[in-house]
Amino acid sequence: MSNFDFLNIKWPTLAKLGKQAETYYHTDSNASMLKMRMFGEQIIDLLLAKLKIQMGSYASQDDKIKELRRAKLNKAIPDLFDVVRRMGNKANHEGYENKKAALDCLISMYKVSAWFYLAVTKDESIKLLKYVEPKKAQQMVPLYNIEKFKEEKKELEEEHQTEVKAVQEETK
């Protein structure tokens, strides 16, 4: 069971990324942070679409976070995105591994996704509680295969674009 399972209702791609990040948390904090970075990049696009904020196709995550700050959202939301952006960049560009930083990323994106889910769906039937740290798996998680990662990233991007378009259609 994943803390991000509630996202399956509306955004299965996000739920999948969240679950994968939790899976890697104990065995590969670097991979966990990379998954949360991907998660952050995807959910911010959904949030911007919901706010009807258009960004250029070459806008960086930092540009998008700055735009959220200008939109005068709850200050915590852009700050949480920024935590994940910085840690994800460090994981990606420096090979950074740190279990506490990975947990901070998981908690940050859990808070953002819970807030976003409730704001968009108005569904109060689910019980979003405090983030529960993933339990250590009994069996070893296989090492991350970079070729599989590239394929998976492409598939997730295609699914993500479909989800962004759906949010845009809902807000018309």
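Residues numbered from 1 in each chain as written. Predicted model: local features only at pLDDT ≥ 70, side-chain atom pairs only at ≥ 80, totals over all residues. Heavy atoms only, no water.

Draft legend 1. Region of the structure containing the pattern of salt bridges. Here the structure, examined in full by the defined rule, presents twelve salt bridges. The closest approach of N and O atoms between R37 and E41, which form a salt bridge, is 3.2 Å. One end of the pair, R37, and the other, E41, are both in helix 2 (residues 29-50), four residues apart, so they sit about a helical turn from each other. On the basis of relative accessibility, which here comes to 28%, the residue E41 falls in the partly exposed class. Its salt-bridge partner being K75, residue D79 comes within 2.8 Å of it at the nearest N-O pair. Exposure remark for K75: the relative accessible area of 57% places this residue in the exposed category. Here the salt bridges do not stand alone but share partners, grouping D62, K66, D82, R85 and R86 into one network. (Salt bridge = Lys/Arg side-chain N within 4 Å of Asp/Glu carboxyl O. Helix = DSSP H or I, 4+ residues; strand = E, 2+ residues; numbered from the N terminus. Buried < 20%, exposed > 50% of the residue type's maximum accessible area, 1.4 Å probe, protein only.)

Draft legend 2. Summary view of the nonpolar core. Membership of the largest hydrophobic core comes to 48 residues, with the highest contact counts inside it found for L7, W11, M36, F39 and F81. Every element with two or more residues in this core is listed here: helix 1 (12-24), helix 2, helix 3 (61-70), helix 4 (76-94), helix 5 (99-121) and helix 6 (146-170). Examining the composition of this core, we find that twelve residues originate from one element, helix 5, more than from any other. Contacts of F39, omitting those with residues within four sequence positions, involve F4, L7, L14, L17, G18, M109 and S113. (Core = buried A, V, L, I, M, F, W, Y, C linked by side-chain atoms within 4.5 Å. Contact = heavy atoms within 4.5 Å.)

Draft legend 3. Expanded view of the packing of aromatic side chains. Under the definition given, this model contains eight aromatic pairs. Ring centres of Y110 and Y131 lie 5.4 Å apart, and the angle between their planes is 65°; on these two criteria the pair is classed as edge-to-face. Here the residue Y110 occupies a position in helix 5, and Y131 occupies one in the loop between helix 5 and helix 6, the gap between them amounting to 21 residues. Y131 shares its class with Y110; the two are buried. Here the aromatic cluster, defined as three or more aromatic residues joined through ring pairs, consists of F4, F6, W11, F39, Y110, F116, Y117 and Y131. One Lys or Arg, K90, reaches over the ring of Y96 and ends 4.2 Å from the middle of that ring. (Phe/Tyr/Trp six-rings, centres within 6.5 Å; stacked < 30°, edge-to-face > 60°. Lys NZ or Arg CZ within 6 Å of the ring centre and 35° of its normal.)

Draft legend 4. View of the side chain of T13. For T13, the location among the structural elements is in helix 1. Assessed through its relative accessible area of 1%, T13 is described here as buried. Polar contacts involving the side chain of T13 include one to the side chain of E163, which spans 2.9 Å. (Polar contact = N/O pair within 3.5 Å; in protein donor to acceptor, adjacent residues only side chain to side chain.)

Draft legend 5. Structural view of helix 3. For helix 3, the set of buried residues is Q61, K64, I65 and L68. Taken end-on, helix 3 shows its buried residues confined to a sector of 100°, consistent with a single buried face. Contact partners of the buried residues in helix 3: helix 2 and helix 4. Residue K72 follows helix 3 closely and has a positive phi angle near 60°. (Arc of directions from axis to C-beta.)

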